[in-house]
Amino acid sequence: MAMEAAPHNPAEPSSQHLTITSPDQMKELGRRLAKLLRAGDLVMLSGELGAGKTTLTRGLGEGLGVRGAVTSPTFVIARVHPSLGDGPPLVHVDAYRLGGGLDEMEDLDLDVSLTDSVIVVEWGEGKVEELTDDRLQVVIHRAVGDTTDEVRHVTLTGLGERWTRADLSVLSA
């Protein structure tokens, strides 16, 4: 993974830019990111179809030590992966078909408290920001069209007090 580092001003959102060259590296990024996460964290993933959102989440699940195979929740909208240890459960949401808002998230009748879980939302922009002012936005860019290019450009931006002092540079190690 390559990194373009810039000095961090604590008054601005914490940000990190990475270049990922394989699905294995995307999964490893998820495992590393899991070490920074704690109960109540919201991670919003965005990127084109096939960008690697679910692969990243699979790595998060491994890093958090949760039960069950992490797969795309497209048809069920949300999956809860309980922790196999003493860590928080992982709630993996595909908000593509949600109209938006906290009410719809609560209507999913998840069997966990969102404040006690790590919540990962794919396609959540404009839909779930009201869950918390503190969130980590992960944008994955890939070449589109007829290409087998595995290169992804990932930008992680921490918003809110929770992420003000977060050292996202550890993700490029």
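Each remark here, short or long, concerns the structure printed above.
This one's a predicted model, so the numbers in the text were calculated from it and none came from an experiment. (Residues numbered from 1 in each chain as written. Predicted model: local features only at pLDDT ≥ 70, side-chain atom pairs only at ≥ 80, totals over all residues. Heavy atoms only, no water.)

Caption draft 1: Molecular detail of the side chain of Ser 83. Here Ser 83 lies in the loop between strand S4 (78-81) and strand S5 (90-94). From its side chain, Ser 83 meets the backbone nitrogen of Gly 85 in a polar contact 3.0 Å long. A distance of 3.2 Å separates the side chain of Ser 83 from the backbone oxygen of Gly 87, its partner in a polar contact. (Helix = DSSP H or I, 4+ residues; strand = E, 2+ residues; numbered from the N terminus. Polar contact = N/O pair within 3.5 Å; in protein donor to acceptor, adjacent residues only side chain to side chain.)

Caption draft 2: Quick peek at the pairing of strand S8 (residues 152-159). Burial runs high along S8: six of the eight residues are buried. Relative to S8, strand S7 (residues 135-142) runs antiparallel, the two being bridged by eight bridges. For Val 139, the partnering residue across the bridge sits in S8 and is Thr 155. (Buried < 20%, exposed > 50% of the residue type's maximum accessible area, 1.4 Å probe, protein only. Pairing = 2+ DSSP bridges.)

Caption draft 3: Just the packing of aromatic side chains, in detail. A complete count under the given rule lists zero aromatic pairs for this structure. Over the face of the ring belonging to Trp 163 we find Arg 162, whose NZ or CZ atom lies 4.1 Å from the ring centre. (Phe/Tyr/Trp six-rings, centres within 6.5 Å; stacked < 30°, edge-to-face > 60°. Lys NZ or Arg CZ within 6 Å of the ring centre and 35° of its normal.)

Caption draft 4: Looking closely at helix H2 (residues 53-64). Along its 12 residues, H2 runs 16 Å from first to last C-alpha, staying within 8% of the 16 Å computed at 1.5 Å per residue. The first or second residue beyond H2 is Gly 65, which carries a positive phi of 70°. (Expected span 1.5 Å × (residues − 1).)

Caption draft 5: Broad picture of unusual backbone geometry. The phi dihedral of Trp 123 is positive, around 60°, even though this residue is not glycine. Mapped onto the secondary structure, Trp 123 falls in the loop between strand S6 (118-122) and S7. Classification of Trp 123 as partly exposed rests on a relative accessible area of 21%.

Caption draft 6: View of the pattern of salt bridges. With the rule as written, the count across this model stands at five salt bridges. The residue Lys 27 makes a salt bridge to Glu 62 at a minimum N-O spacing of 3.2 Å. Here the residue Lys 27 occupies a position in helix H1 (residues 23-34), and Glu 62 occupies one in helix H2, the gap between them amounting to 35 residues. Under the relative-accessibility criterion, Lys 27 is labelled partly exposed at 22%. Residue classification places Glu 62 among the partly exposed positions, given a relative accessible area of 42%. Each of Lys 27, Glu 28, Arg 31, Arg 32 and Glu 62 takes part in salt bridges that share partners, so that together they form one network. (Salt bridge = Lys/Arg side-chain N within 4 Å of Asp/Glu carboxyl O.)

Honestly, that's just the spatial picture; any functional story needs more than this.
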